[in-house]
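# Working through the structure, step by step
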Amino acid sequence: MASLFDSLRSARATGSLTEEDWLALRADAEQLFTPGTAIKEQDLFDGRKEQIARLSQRIRLAGSHAVIYGERGVGKSSLVNVFRYVADRSPNNVNYIRVAVTDGDNFREIMFKIFKRLVYLEGDKRIRLADAYEGKDISPDDVLLEIGNLVSSATPIIVIDEFDVLKDEKSKRLISNMIKLLSDEGANATFFIVGVSETVSDLLKGHESIGRAMAEVEMPRMSDQEIIDIIWNRLVRAGMQVNTDALWDCVFISKGLPHYAHLLGLHAMQAACDRQSLRVEMKDIQVATVRALAEANQTIKEGFQNATFSEREDNIFKHVLAACALAQKDNLGKFNAKSVAARLSEIMGEKYDVPAFSYHLNEFCDPSRGSILEKSGDRRKFSFRFKKALMEPYVILECMNRGIITKKHVLAFSPKRQSDLFSN
Ligand SMILES: Nc1ncnc2c1ncn2[C@@H]1O[C@H](COP(=O)(O)OP(=O)(O)OP(=O)(O)O)[C@@H](O)[C@H]1O
Ligand SMILES: [Mg+2]
């Protein structure tokens with residue numbers, strides 16, 4: 001990939017890109033921007049210095065394990081994927097295993113998946129650990145013994161991803177017990193438990209007993225800088241440039257979720273290639289928003305339709321939802337009705353007080369509209385949040401496309417545009 005980009009860079013310098021070069025560059029956008037897959041290569045991984053530092057610190061201590069939790073799509077799997085390259089030990093000495101929990105799994109099935117990926121040598125024969133457990137139960141003690149038997153030069157880093165899919169309480173407890181056991185015995189292995197959750201205790205029942213054995217790393221949404229880096233670094237790698245306003249619009253829409261930075265980056269880069277330009281401009285972002293909408297996850301699309309459906313033409317469901325997406329949020333993505341009122345008044349061009357749309361907010365929490373929002377707190381101080389984080393940027397895209405959110409609102413509500421975040 002690098003060599004193609006190098007040759008494109010020199011072709012660009014002489015202004016000699018051929019039709020085929022443009023097509024190749026267009027295709028390569030899909031290698032750089034990967035909205036559908038977690039990052040696997042260190043040099044495509046941006047930011048997250050704080051989370052990496054915390055994980056590294058823990059892993060330096062023998063017997064340390066970590067639980068990584070956060071909203072859907074914030075970059076949890078990517079972090080654990082590239083961690084093996086940034087951990088202190090050389091990646092060659094790390095035996096990286098990742099399994100994902102699937103519907104109906106229990107402790108034994110998860111451990112069996114891990115054992116299937118652990119191989120040891122007996123003479124010249126490669127033996128899968130799982131073979132000895134075919135049809136047998138697996139206990140936390142078995143895991144401890146088997147890990148103790150592994151060659152100590154290769155440290156296993158074992159990731160149990162999609163942990164929120166595990167519903168069996170007993171299995172969660174067994175995992176906690178197992179980690180406690182491995183930690184107490186100082187076993188040469190590191191477990192990462194990864195899942196969508198607001199708190200660790202929601203994710204891992206009985207984790208209280210693990211205490212110091214387990215680092216808790218919350219994955220917050222990305223900062224403006226990190227979202228800028230994702231798009232900027234990839235375009236620079238491809239020998240391209242980007243207009244400052246275009247980049248800030250991507251930050252505005254992405255809401256700290258790297259999935260959308262990739263989705264917009266991909267389509268904007270391809271739109272620029274279609275124009276045979278090496279500079280991404282605002283018009284490419286406009287094309288990208290339309291393509292991103294068309295490609296968005298089907299359940300997200302349907303969720304929006306279902307939440308805002310009305311037979312009355314003059315209804316304001318979409319406007320209220322747009323105001324929710326633009327409302328001031330706390331660290332957990334929560335917002336209050338007052339903040340919605342401020343945004344809605346701007347969108348409608350006249351003053352809207354809370355009673356004028358509290359019906360809509362309640363409807364958005366109702367299962368009949370797919371519970372797109374969830375409500376917490378008490379009567380005097382309710383707060384709301386989008387149940388699915390990925391819905392928030394989608395609402396912004398959809399409402400921009402429908403002209404409910406205009407350029408005026410984008411400028412008024414977008415993050416403070418600091419020019420020192422990149423060197424354009
Ligand atoms: N640090 C990063 N740098 C660049 N891109 C990233 C980074 N982290 C995540 N991404 C991108 O963001 C998207 C979501 O990442 P990832 O799949 O790791 O998130 P997740 O939290 O594991 O999601 P889910 O909750 O759906 O499992 C992917 O397109 C991925 O390539
Ligand atoms: Mg993931």
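Notes on the structure in this doc start here. (Residues numbered from 1 in each chain as written. Chains lettered and ligands numbered in written order. Predicted model: local features only at pLDDT ≥ 70, side-chain atom pairs only at ≥ 80, totals over all residues.)

Let's shift gears to the sheet that holds strand 1 (residues 65-70). Within the open sheet, the five strands sit side by side as 2-5-6-1-7. Their pairing is parallel. On the outer flanks of this sheet lie strand 2 (94-100) and strand 7 (214-219), each paired with one strand and no other. In this sheet, neighbouring strand axes are inclined to one another by 15° on average, regardless of whether the strands run parallel or antiparallel. As paired elements, strand 1 and strand 6 (residues 190-196) share five bridges and run parallel to each other. The partner of Gly70 across the bridge, within strand 6, is Val196. Where helix 5 (residues 107-116) meets the sheet, its contacts fall on strand 2 and strand 5 (155-161), and the angle it forms with strand 2 comes to roughly 140°. (Pairing = 2+ DSSP bridges. Helix = DSSP H or I, 4+ residues; strand = E, 2+ residues; numbered from the N terminus. Axes fitted to C-alpha atoms, helices over the stretch in contact; angles between N-to-C directions. Contact = placed C-beta atoms within 7 Å.)

When the terminal C-alpha atoms of helix 9 (residues 224-237) are compared, their 20 Å separation across 14 residues agrees well with the 20 Å that a helix rising 1.5 Å per residue should span. In this fold, the buried residues of helix 9 make contact with helix 2 (19-32), strand 8 (241-242), helix 10 (244-254), helix 11 (258-274) and strand 9 (279-280). Two residues or fewer past helix 9, Gly239 is found with a positive phi of approximately 75°. (Expected span 1.5 Å × (residues − 1).)

For the rest of this paragraph, the subject is the nonpolar core. Core analysis: the biggest nonpolar cluster contains 73 residues, and Leu264, Met269, Cys324 and Val340 have the highest contact counts within it. Sort the elements by how many residues they give to this core and helix 11 lands first, with 10 residues. Counting only domains with at least three residues in this core, you end up with domain 1 (2-40 + 223-295) and domain 3 (298-389). By size, the runner-up hydrophobic cluster in this structure holds 44 residues, among which are Tyr69, Phe83, Phe115 and Ala213. (Core = buried A, V, L, I, M, F, W, Y, C linked by C-beta atoms within 7 Å. Buried ≥ 20, exposed ≤ 12 C-beta atoms within 10 Å, placed from the backbone. Domains from an automatic or database assignment.)

Relative to strand 11 (residues 383-386), strand 10 (residues 373-376) runs antiparallel, the two being bridged by four bridges. Within strand 11, the position partnered with Lys375 by the bridge is Phe384. Count of turn residues in the strand 10/strand 11 antiparallel hairpin: six residues, of which Gly377 carries a positive phi of about 90°.

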